[in-house]
Amino acid sequence: MSTFAGIPPEAFGFYAQLEENNNRDWWQEHKATYEEAVKQPLTALLAELEPEFGPAKLFRPNRDIRFSLDKSPYKTAQGAFAARQEGVGFYLQINADGLLIGGGYHSHTPAQLSRFRSAVDASASGSALQDIVDAVAGAGFAIEGEKLKTVPRGFAKDHPRADLLKHKSLSAGVEVGQPEWVSTPDAKAGIAERWRKLRPLVEWVGRYAAP
């Protein structure tokens, strides 16, 4: 396993070009760039972060186009997910714009959603989540996730945590772009620092909303 040395600028350039040339011939011609500038650095990075955040997987570069009107064969971003539990964990993505760092949960079965709403509704666990979300937002992360337009049935419209009750999934992310440190070994520390800020959110949803 190679030592992580940074995410090279060629990785972001690769996705900028892929957006203009999303076809198999172009990909085959530039596959070596994908392997050397995208896959290898991220694989090394995730291996070095594993002792603290757990094993992570890189998503496949191919799109599933079976049910899509868009038949472009490749994803225009490379994502990776360090799962604490199914659907819950820390996220990393690179694309033409740069680096995105996030965490939370994205899958929701009916039972999971019911547990999540009950925990948001309950005074102790719900207040704890509100404090976590406020701190994460204050640290510069965007609070994201699939949301209803209105408070779900069975809960007061003026509930003190009405906005959180609207969430069907809950995550937070920050687009850091391409600062100089991204292409150096310091990227490992920069990513770890942000994942640590997201850890309370990941642990809360893991405790109350995971399968």
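The shown structure was predicted, so the numbers you read here are calculated from the model rather than taken from an experiment.

Visitor: Would you explain a negative patch on the surface in this entry?
Guide: On the surface, Glu19, Glu20, Asp97, Glu144 and Glu175 cluster together into a negatively charged patch. Tracing the chain through its elements places Glu144 in strand β5 (residues 142–144).

Visitor: Looking at this structure, how should I read the packing of helix α5 (residues 123–138) against helix α7 (residues 186–208)?
Guide: Packed helix pairs are specified by the crossing angle of their axes together with the interaxial distance, meaning the distance between the axes. Viewed as axis vectors pointing N to C, α5 and α7 meet at an angle of 150°, and their least axial separation amounts to 9 Å. Here α5 is positioned roughly antiparallel relative to α7, judged by the angle of their axes. At the point where α5 passes α7, the crossing takes the left-handed sense. Packed against α5, whose contacting residues are Ser125, Ala128, Leu129, Ile132, Val133 and Val136, the element α7 presents Lys197, Leu198, Pro200, Leu201, Trp204 and Tyr208 at the interface. Counted by class, the contact of α5 with α7 contains 10 nonpolar, 1 polar and 1 charged residues.

Visitor: In this structure, what is going on with the pattern of salt bridges? I would like to understand it.
Guide: Close approach of charged atoms lets side chains of opposite charge pair. The tally for this structure, following the rule as stated, stands at 7 salt bridges. Ionic pairing is found between Lys188 and Glu48, a salt bridge with its closest N-O pair at 3.6 Å. Taken together, the positions of Lys188 in helix α7 and Glu48 in helix α3 (residues 31–53) put the pair 140 residues apart, joining distant regions of the chain. With relative accessibility at 26%, the residue Glu48 sits in the partly exposed group. Close ionic contact of Arg196 with Glu52 constitutes a salt bridge, the shortest N to O distance being 2.8 Å. Taken together, the positions of Arg196 in helix α7 and Glu52 in helix α3 put the pair 144 residues apart, joining distant regions of the chain.

Visitor: Got a minute to help me understand the environment of His167 in this structure?
Guide: Here His167 is to be found in the loop between α6 (162–165) and β6 (170–177). Overall, His167 belongs to the buried group, its relative accessible area being 2%. Residues His167 and Arg199, spaced 32 residues apart in sequence, show a C-alpha to C-alpha distance of 19 Å. In this view, His167 contacts Leu113, Phe116, Ile143, Glu144, Gly145, Glu146 and Lys147; residues no more than four positions away in its chain are not counted. Engagement of the side chain of His167 in a polar contact is seen with the backbone oxygen of Ser169, the distance being 2.9 Å.

Visitor: Please explain the packing of aromatic side chains as it appears in this structure.
Guide: Note on aromatic pairs: each is described by the distance of the centres and the angle between the planes. Tallied over the full model, the rule gives 13 aromatic pairs. Ring centres 4.3 Å apart and planes at 10° place the aromatic pair Trp27 and Tyr74 in the stacked group. Highlighted residues: Trp27 in helix α2 (residues 24–29) and Tyr74 in the loop between β1 (56–58) and β2 (77–85), separated in sequence by 47 residues. With a relative accessible area of 6%, Tyr74 lands in the buried category. Aromatic rings pair up to connect Phe14, Tyr15, Trp26, Trp27, Tyr34 and Tyr74 into one cluster.

Visitor: Looking at this model, I keep getting lost on the packing of α3 against α7. Mind explaining?
Guide: It is at 11 Å that the axes of α3 and α7 come closest, and there the two elements cross at 35°. For the element pair α3 and α7, the recorded crossing hand is right-handed. Judged by residue contacts, Leu45, Leu46, Glu48, Leu49, Glu52 and Phe53 of α3 engage Lys188, Ile191, Ala192, Trp195, Arg196 and Arg199 from α7. Its residues assigned to classes, the contact of α3 with α7 comprises 7 nonpolar, no polar and 5 charged.

What counts and how
- Residues numbered from 1 in each chain as written.
- Predicted model: local features only at pLDDT ≥ 70, side-chain atom pairs only at ≥ 80, totals over all residues.
- Heavy atoms only, no water.
- Patch = residues over 30% accessible without salt bridge, like charges linked within 9 Å, V, L, I, M, F, W, Y side chains within 5 Å.
- Areas by Shrake-Rupley, 256 points an atom, 1.4 Å probe, with all protein chains shown as cover.
- Salt bridge = Lys/Arg side-chain N within 4 Å of Asp/Glu carboxyl O.
- Lys, Arg positive; Asp, Glu negative; His and termini not counted.
- Charge placed at Lys NZ, Arg CZ, Asp CG, Glu CD.
- Helix = DSSP H or I, 4+ residues; strand = E, 2+ residues; numbered from the N terminus.
- Axes fitted to C-alpha atoms, helices over the stretch in contact; angles between N-to-C directions.
- Parallel < 35°, antiparallel > 145°, perpendicular 65-115°, else oblique.
- Left-handed = near helix turned anticlockwise from the far one by under 90°.
- Contact = heavy atoms within 4.5 Å.
- Nonpolar A, V, L, I, M, F, W, Y, C, P; charged D, E, K, R; others polar.
- Buried < 20%, exposed > 50% of the residue type's maximum accessible area, 1.4 Å probe, protein only.
- Polar contact = N/O pair within 3.5 Å; in protein donor to acceptor, adjacent residues only side chain to side chain.
- Phe/Tyr/Trp six-rings, centres within 6.5 Å; stacked < 30°, edge-to-face > 60°.

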